[in-house]
Amino acid sequence: MTNDPIPNLTAFDEAALDRAFAALERQAREDAAALNGPDALEAFKLKWLGRKQGRLNEVSGRWLKAAPVEAKKLLGVRFNALKVVVEGLYDEATGSGPTDAALAAESIDITLPGTQRLIGAEHPITRTLNEITQVFAALGYSVGVGPEVETDYYNFESMNFPPGHPARDTQDTLVVANQDRRPLRDRLLLRTHTSPVQMRTMEQQPPPLRIVIPGKVHRNDAADATHYPIFHQAEGLCVDTGITFSDLKGTLDHAMKALFGPAVKTRFFPSFFPFTEPSADVQISCIFCGGKGCRKCKQSGWIELLGCGMVAPAVFAFAAEKQPAYDPKKISGFAFGMGVERIAMMKYGISEIGSFFAGDMRFLSQFV
Ligand SMILES: [Zn+2]
């Protein structure tokens, strides 16, 4: 290690200061390069950074004191830079700072491609459910939800399917096992439609009421191109004083135009559902051929899409057991329901209902 004494400075112009500090830095670097063990390291620290006899301390004492006022700033800047260099040399020698080798090992090749993460997307059923819900939300409907494991009372009896009624046979029901000792109305089943949410909501809320009910339902159907044991419905219920069949027609005509485009026409045919009276099936003009007739609409120009009707007085009577305001003499309402898979299959040109549930990424990634 060099032990040259710190010289006195006689000139304080920039060039003289640069020379003086460069000489000190060179000495510090030579000392650091020659370090060969813990004792030498300690000696280096004492020599350069020691509080009393350290060279940096000596420089700041003697040079700064001797400098004329106008040179003090120039000297201070150079002194601080030298201090950073000496402290860095010490840190590197103790291993507390990263060595060149360590930095090299950690270096990243920013030209390599990064980790690719899959972008999530809405499932086509979720997307279609949201579209339907939004159409009715814009008409002032709120969203109603209910349990998928439902009682016989809410799924059937309160929807005007009395025990033993033949209409129950049209919904191949999956029932929960070992409930024979319970009264029929308390027995559990997987809901076959979203209609029980109509009753659950009416029991909670007096009229006026406008809800749209999106949800999953279950039936013991054999799977084929258009049937599956799981599917989804979007159901609606509107109750108020003076609601008529015209309101129902106007609402559904608007909704079908909002979902399929303003050129779509609707027409209504008499039908039967236990919970509505009168009931109707709704057809829309074929969205593929515009009504001219094609393979998709079996040359008829029309596609049957949903069921609807005026809420049956018997259903209101069940609701009135808990909310007397549902008096069928004072209020009226309509209900409607549609199969979500059927609408999604039409909108996206999907031919197999099973594609929605198979979890095949090749199918699903088309909706990203
Ligand atoms: Zn057609």
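Residue positions are given per chain, counting from 1 as you read along its sequence in written order. Predicted model: local features are reported for residues with pLDDT of at least 70 only, side-chain atom pairs are reported and counted for 80 or more only, and whole-chain, interface and lining totals are derived from all residues. Values reported for side chains reflect all heavy atoms of the structure, with hydrogen atoms and water molecules removed beforehand.

Undergrad: I keep staring at the coordination of the zinc ion and nothing clicks. Help me out?
TA: In a perfect tetrahedron of four donors around a metal, the angles come out at 109.5 degrees. In a perfect octahedron of six, they are 90 or 180 degrees. For Na, K and Ca the donor cut-off is 3.2 Å; for every other metal, N, O and S atoms count as donors within 2.8 Å. Water does not enter the count, which can leave sites looking incomplete. For the zinc ion, every protein donor is listed as Cys286 (SG), Cys289 (SG), Cys294 (SG) and Cys297 (SG), and the spread of their distances is 2.2 to 2.3 Å. Every angle between 85 and 135 degrees makes a four-donor site tetrahedral, while opposite donors more than 155 degrees apart, with all other angles between 65 and 115, make a four-donor site square planar and a six-donor site octahedral; other sites are irregular. Geometry at the zinc ion is tetrahedral, judged from the 4 donor atoms that bind it and their angles of 103 to 113 degrees at the metal. Site description for the zinc ion: donor spacing in sequence, C-x2-C-x4-C-x2-C. Each member of the pair Cys289 and Cys294 is classed as buried. Only protein chains enter the accessibility calculation, which uses a 1.4 Å probe; a residue is then buried when its area is under 20% of its type maximum, exposed when over 50%, and partly exposed in between.

Undergrad: Is there a simple way to think about the packing of helix H6 (residues 124-137) against helix H9 (residues 245-260) in this case?
TA: The description of two packed helices rests on the angle between their axes and on the distance between the axes. Where helices are involved, their axes are fitted lines through C-alpha atoms of the stretch in contact, as for all axes, and angles between N-to-C directions lie from 0 to 180°. Put simply, DSSP marks the helices as runs of H or I at least four residues long and the strands as runs of E at least two long, and each gets a number from the N terminus on. Viewed as axis vectors pointing N to C, H6 and H9 meet at an angle of 135 degrees, and their least axial separation amounts to 10 Å. Considering the angle they form, H6 stands oblique to H9. Here H6 runs over H9; the crossing is right-handed. Here H6 contributes Glu131, Ile132, Val135 and Phe136 to the contact with H9, which in turn contributes Thr251, Leu252, Ala255, Ala258 and Leu259. Here the term charged refers only to Asp, Glu, Lys and Arg, the term nonpolar to Ala, Val, Leu, Ile, Met, Phe, Trp, Tyr, Cys and Pro, and the term polar to all other amino acids, Gly among them. Residue classes in the contact of H6 with H9 are distributed as 7 nonpolar, 1 polar and 1 charged. Roughly parallel here means an angle under 35 degrees, roughly antiparallel means over 145, roughly perpendicular means 65 to 115, and every remaining angle is called oblique. Crossing handedness follows the turn of the near helix against the far one: under a right angle anticlockwise gives a left-handed crossing, and clockwise gives a right-handed one. We call two residues contacting when some pair of their heavy atoms lies within 4.5 Å.

Undergrad: Explain the sheet that holds strand E9 (residues 332-339) to me, please; I cannot follow it from the model alone.
TA: Paired through backbone hydrogen bonds, the strands of a sheet run either parallel or antiparallel to each other. Reading across the sheet, the 7 strands line up as E1-E4-E5-E9-E8-E7-E6 and stay open at both edges, with mixed pairing between neighbours. With partners counted over all chains shown, the strands left at the sheet margins are strand E1 (142-143) and strand E6 (266-273), one partner each. Here, strands pair whenever DSSP counts at least two bridges between them. Two elements, strand E7 (residues 276-285) and strand E8 (residues 302-311), share 8 bridges in a ladder whose sense is antiparallel. The residue bridging Ser279 from the neighbouring strand is Gly309, located in E8. Across the sheet, H9 lies against E6, E7, E8 and E9, angled at about 145 degrees from E8, the strand it touches most.

Undergrad: Looking at this model, I keep getting lost on the nonpolar core. Mind explaining?
TA: A general trend in soluble globular proteins is that nonpolar side chains are found buried together. Counting residues in hydrophobic clusters, the biggest one holds 43 residues, and the most contacted among them are Phe136, Leu252, Met256, Phe260, Phe336 and Met338. Elements represented by at least two residues in this core include exactly H6, strand E5 (230-240), H9, E7, E8, E9 and helix H11 (340-348). When residues no more than four places from it in sequence are discounted, the contact partners of Phe260 are Ile284, Ile287, Leu305, Ile343, Met346 and Lys347. The set of buried Ala, Val, Leu, Ile, Met, Phe, Trp, Tyr and Cys residues whose side-chain atoms join them within 4.5 Å is what this entry labels a nonpolar core.

Undergrad: Explanation requested: the pairing of E9 in the structure shown.
TA: For a regular strand, side chains alternate in direction, first toward one face of the sheet and then toward the other. The buried fraction of E9 amounts to 6 of the 8 residues, a majority that puts the element mostly inside the structure. Where E5 and E9 come together, 8 bridges link them in antiparallel fashion. Bridge pairing in E9 places Ala234 opposite Met338.

Undergrad: Looking at this model, I keep getting lost on unusual backbone geometry. Mind explaining?
TA: Backbone phi values are negative for most residues with the exception of glycine, while trans is the configuration of most peptide bonds. In this structure, Pro208 follows Pro207 across a cis peptide bond, with omega equal to 0 degrees. For Pro208, the position within the fold is in the loop between helix H8 (196-204) and strand E4 (209-218). Glu277 connects to Pro278 through a cis peptide bond whose omega is 0 degrees. Along the polypeptide, Pro278 turns up in strand E7. A positive phi angle, close to 65 degrees, is found at Gln299, a residue other than glycine. Assignment of secondary structure puts Gln299 in the loop between E7 and E8. Look at Gln299 and you get exposed, because its relative accessible area is 55%.

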